[in-house]
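Structural overview
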Amino acid sequence: MDRSQKTDAVAQLSEVFNQAGVVVVTRNLGLTVAQSTELRTKMREAGASYQVAKNRLAKLALKDTDYEGIAEFLTGPTALGYSEDPVAAAKAVVEFAKTTDKIEIVGGSMGAQKLDEAGVRSLASMPSLDELRGTIVGLLNAPATKVVRTIKEPTSMLARVVGAYGAKEAA
């Protein structure tokens, strides 16, 4: 890489760090091209990205961001998984790591909160942002349904009583 390419790479990584909700650092222990492609596909499906970056350039890009704490994880053959959703990247990397021993989760960060391997794994066990939104909508919608049912119930009871009296007098 020449100097301009390095400058562009640092700028691109800096933009990633400023927009990401979570960054997960992994160590590659001999992933094949097929495995790497499979991981990238799973990351994309989850709404995340996976990128191999030069450690020195990544450390430069980390300066003046919330993710400065993960610079210590950037040694050896590392790669970065990141997403705007605070759970998506961690969940995809942890699921993939269960299938192979050729990737190691080193740590990560959620904003200024630095996470070790156990922290990344516990973050991956949390529901995603979309799942949480669905739960909240369900919780908000349930009381409204109960209110409508409660308001509607007395009128339908009254209609049944009137209908019963009408049927009794007709008989």
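Residues numbered from 1 in each chain as written. Predicted model: local features only at pLDDT ≥ 70, side-chain atom pairs only at ≥ 80, totals over all residues. Heavy atoms only, no water.

**Notes on the overall build of the protein chain**
Applied cut-off: Labels follow the DSSP assignment, with helices taken as runs of H or I lasting at least four residues and strands as runs of E lasting at least two, numbered in each case from the N terminus. Note that the radius of gyration is over C-alpha atoms, with the globule rule given as 2.2 Å times the number of residues to the power 0.38. Exposure classes here rest on a 1.4 Å probe applied to the protein chains alone. A residue is buried below 20% of its type maximum, exposed above 50%, and partly exposed in between. A contact between two residues is defined here by any heavy atoms of the two lying within 4.5 Å. Reported accessibility uses the Shrake-Rupley method at a 1.4 Å probe radius. Residues are deemed covered only where the shown protein chains occlude them.
Tallying secondary structure elements over the protein chain gives 6 helices and 5 strands in all. Listing each helix as α and each strand as β along the protein chain from the N terminus yields α-β-α-β-α-β-α-β-β-α-α. Here the C-alpha radius of gyration of the protein chain, 26 Å, is well above what a compact globule of 171 residues would show, namely 16 Å. Structurally, the protein chain occupies a C-alpha span of about 95 × 35 × 25 Å along its principal axes. Of all 171 residues assigned to the protein chain, the portion counted as buried reaches 37%. Taking the contacts inside the protein chain whose residues are at least 6 apart along the sequence as the reference set, 79% of them involve residues at least 24 apart. Roughly 10,400 Å² of accessible area belongs to the protein chain as shown, and the carbon and sulfur atoms make up 58% of that amount.

**What to know about helix α3 (residues 55-62)**
Inclusion rule: Working note: the arc is built from the helix axis to C-beta atom directions.
Residues of α3 that are buried: Asn55, Leu57, Ala58, Ala61 and Leu62. For α3, the buried positions fall inside an angular range of 160 degrees around the axis, keeping them on one side. On its buried side, α3 packs onto α1 (3-19) and β3 (78-83). Taken from the residues just after α3, aspartate 64 is the one with a positive phi, measuring 65 degrees.

**Here we look at unusual backbone geometry**
Positive phi values are uncommon outside glycine, yet aspartate 64 reaches one of about 65 degrees. Secondary-structure assignment places aspartate 64 in the loop between α3 and β3. Residue aspartate 64 is classed as exposed on the basis of its relative accessible area, which comes to 73%.

**Remarks on the pattern of salt bridges**
The cut-off we apply is this: The term salt bridge refers to a side-chain nitrogen of Lys or Arg lying within 4 Å of a carboxyl oxygen of Asp or Glu.
If you walk through the whole model with that rule in mind, you get 4 salt bridges. Linking lysine 98 and glutamate 95 is a salt bridge whose minimum nitrogen-to-oxygen distance equals 3.3 Å. Of this pair, lysine 98 and glutamate 95 both sit in helix α4 (residues 88-99), separated by 3 residues, roughly a single helical turn. Relative accessible area serves as the criterion here: at 60%, lysine 98 is assigned to the exposed category. The partner of arginine 121 in a salt bridge is glutamate 117, with the nearest N and O atoms 3.1 Å apart. With a gap of 4 residues between them, arginine 121 and glutamate 117 both fall in helix α5 (residues 117-124), about one helical turn apart. Owing to a relative accessible area of 34%, arginine 121 belongs among the partly exposed residues under this scheme.

**Some words on the packing of aromatic side chains**
What counts is decided by this rule: The pairing test for Phe, Tyr and Trp rings, Trp by its six-membered ring, is centres within 6.5 Å, and the orientation test on the planes gives stacked under 30 degrees, edge-to-face over 60, and tilted for anything in between.
Throughout the structure, instances matching the rule amount to 1 aromatic pair. Geometrically, the ring pair formed by phenylalanine 17 and tyrosine 67 is tilted, given 6.2 Å between the ring centres and 40 degrees between the ring planes. Remark: tyrosine 67 occurs in the loop between α3 and β3 and phenylalanine 17 occurs in helix α1; sequence separation between them is 50 residues. The same class applies to phenylalanine 17 as to tyrosine 67, namely buried.

**Re the pairing of strand β1 (residues 22-28)**
Our working rule: Being paired, for any two strands, means DSSP has found at least two bridges between them.
Summarising burial for β1: 7 of the 7 residues are buried, a large majority. Judged by which residues are buried, β1 turns out to be covered on both faces: Val22, Val24, Thr26 and Asn28 on one side and Val23, Val25 and Arg27 on the other are all buried. As paired elements, β1 and β3 share 6 bridges and run antiparallel to each other. Paired with valine 25 across the bridge in β3 is leucine 80. Here 6 bridges tie β1 to strand β4 (residues 103-110), and the two strands are oriented antiparallel to one another. Bridge pairing in β4 places asparagine 28 opposite isoleucine 103.

The values are spatial; any link to function lies outside them.
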